[in-house]
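# Reading the structure
So the chains spell out like this:
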Amino acid sequence: MKIDTVRSDFPQLRETVYGKPLVYLDNAATSLRPLSVVREWEDMSLKYNSNLHRAVHKTAVDATERYESTRAAVAAFVGAEFPEEIVFTSGTTQSINLLASCLEGSGFFSSGDEILVAESEHHSNIVPWQLVSMRKGLKIKVIPVNSHGEILVETLSELLTPRTKLCCIAHISNVLGIVNPIREIVDICHANGTLVLVDGAQGIVHADVNIREAGCDFYAFSGHKIYAAPGTGVLYGKKALLENLPPYMGGGEMIESVSWEKTTFAPVPGRFEAGTQNISGTPTLVPAIQTCKILRDREIAKEQEDIKAFMAKSLTSNPDITLYGNPEDPAKKIPLYSFSVAGVHHEDLALILDKMGIAVRSGQMCAEPLMNRFGVTGMLRASFAPYNTLKEAEYFIESLNKAIKMLK
Ligand code: PLP
């Protein structure tokens, strides 16, 4: 079976917790690492360790070559037109903060301008915009979701005004698992002259991302959710837009020339990558991308579909369970399930499941406004990766039912 071969590349899947085989269902928080990623990190640390872009010695040239060829590999993976459109960051959070700072510094926003943010966003795609809004006197308008968790695209026509400069939206919600209609939203926003930032932290894992087809202006994601080293990430931006942005941080290697009178800046993307970059981590994006491609295999995709059908049926047929993010069309949802159980606290459930070897997330999942929307203080979330199996899903449901019985 292909899935067994794939799983053997992820050593953590052979770990036990409390004497039980680990069933890792917290993939939306961070994925597990395959050996290929660890080996690349090791090679970069033990064979190619050297600072980037600076020295002329062979090790520095080799390290720089591996770092820059990673940029080209990421550009090809997401369908960017130019490698320069890929800015390396420490993750989605830094990517969005970088963009927020640079847009602010460029004079893009004037007092009274508006930013649209979906109700289902992660705090990383809310708070950076609140910070800019506080400083620049902007207004944040919220795009609502319906009771299934779907974004109400039809409200855009009322929300958009001539002052709407930017729309910030997740490709896939980390709480609801719903795939948002990015192309449709981009088209509506662009017709209004509004730029679109897509938070792709979950989208890059579960969708075949083609940025040019999506048409968005910016796309942010983290390496650690697609099997790469933590502390790696990407901000994609259309070249013409990035070229009009000022630097994010000042420091080494982001300049063209420095004098007391006048400092000029490097072309994109170097302008946004001040200081020593993640020398060992960033090149792990290459084997990580390879892993993503392997995991999109048909046989594995079929197992994912079986997991989706089983999980949806099991969770929706239990009258005690409220599932958040339940679109009519199952194709609109990834195998990510956030729910609450009547009369049982999500954290108690998570602790019992942990004792059964199951790692799940409980709490607000960095989306407090969405918790308020559904009137809950938190949820329990089981998020599957393509290396998870139907057997694990079955064990999860069986264990969940046992845990509920114990707590009721
Ligand atoms: N956006 C979404 C949708 C996420 O799921 C996450 C992480 O869970 C983030 C942003 C933040 O990612 P990071 O912590 O890697 O910067």
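Everything numeric here is computed off the predicted structure, so don't read it as measured data.

### What to know about the site of the ligand
Inspection of the region around the ligand gives Ala28, Thr92, Thr93, His122, Ser124, Asn174, Asp199, Ala201, Gln202, Ser222, His224 and Lys225 as its neighbouring residues. Contacts to the ligand include histidine 224, whose side-chain N or O atom sits 2.7 Å from an oxygen atom. Contact with the protein chains removes 85% of the 390 Å² of surface that the ligand exposes when unbound. Here the residues of the shell around the ligand sort into two nonpolar, eight polar and two charged.

### A closer look at the sheet that holds strand S6 (residues 139-143)
Reading across from one edge, S4-S10-S9-S8-S7-S5-S6 is the order of the seven strands in this open sheet, with mixed pairing throughout. Looking along the sheet, the strands with just one partner apiece sit at the ends: strand S4 (86-89) and S6. Here the average twist between neighbouring strands, direction ignored, is 20°. Pairing of strand S5 (residues 114-118) with strand S7 (residues 164-170), which is carried by four bridges, proceeds in the parallel orientation. Each residue of the ladder has a partner; that of glutamate 114, found in S7, is threonine 164. Against the sheet, helix H4 (residues 92-105) touches S4, S7, strand S8 (195-199), strand S9 (218-222) and strand S10 (233-237), its axis set at about 150° to S9. Packing against the sheet, helix H5 (residues 127-136) makes contact with S5, S6, S7 and S8, and its axis sits at approximately 150° to S6.

### Points about the pattern of salt bridges
As enumerated under the stated definition, the model contains 22 salt bridges in all. Close ionic contact of lysine 47 with aspartate 43 constitutes a salt bridge, the shortest N to O distance being 3.8 Å. Among the residues examined, aspartate 43 registers a relative accessible area of 24% and is labelled partly exposed. The residue lysine 402 makes a salt bridge to glutamate 398 at a minimum N-O spacing of 3.9 Å. On the criterion of helical spacing, the pair formed by lysine 402 and glutamate 398 is a turn pair, its members being four residues apart in helix H15 (residues 390-407).

### As for the domain arrangement of the chain
Accessible area lost on assembly of the parts is the figure often given for the size of an interface. Considered domain by domain, the chain is made up of domain 1 (2-30 + 298-407) and domain 2 (38-291). Between the C-alpha centres of domain 1 and domain 2 there is a distance of 28 Å. Counting residues at the interface gives 30 residues for domain 1, matched by 26 residues for domain 2. With both sides pooled, the region where domain 1 packs onto domain 2 buries about 2300 Å², and carbon together with sulfur makes up 56% of that total. Three residues stand out in domain 1 for area buried against domain 2, namely Ile334, Leu370 and Arg373, and they jointly supply 24% of the buried area on that side. At the junction of domain 1 with domain 2, the criterion picks out two salt bridges. Two residues, arginine 373 and glutamate 119, come together in a salt bridge whose shortest N-O distance is 3.8 Å.

Reading the values: rules and limits
Residues numbered from 1 in each chain as written. Predicted model: local features only at pLDDT ≥ 70, side-chain atom pairs only at ≥ 80, totals over all residues. Heavy atoms only, no water. Near = heavy atom within 4 Å. Polar contact = N/O pair within 3.5 Å; in protein donor to acceptor, adjacent residues only side chain to side chain. Areas by Shrake-Rupley, 256 points an atom, 1.4 Å probe, with all protein chains shown as cover. Nonpolar A, V, L, I, M, F, W, Y, C, P; charged D, E, K, R; others polar. Pairing = 2+ DSSP bridges. Helix = DSSP H or I, 4+ residues; strand = E, 2+ residues; numbered from the N terminus. Axes fitted to C-alpha atoms, helices over the stretch in contact; angles between N-to-C directions. Contact = heavy atoms within 4.5 Å. Salt bridge = Lys/Arg side-chain N within 4 Å of Asp/Glu carboxyl O. Buried < 20%, exposed > 50% of the residue type's maximum accessible area, 1.4 Å probe, protein only. Domains from an automatic or database assignment. Buried area = accessible area lost by both parts, 1.4 Å probe.

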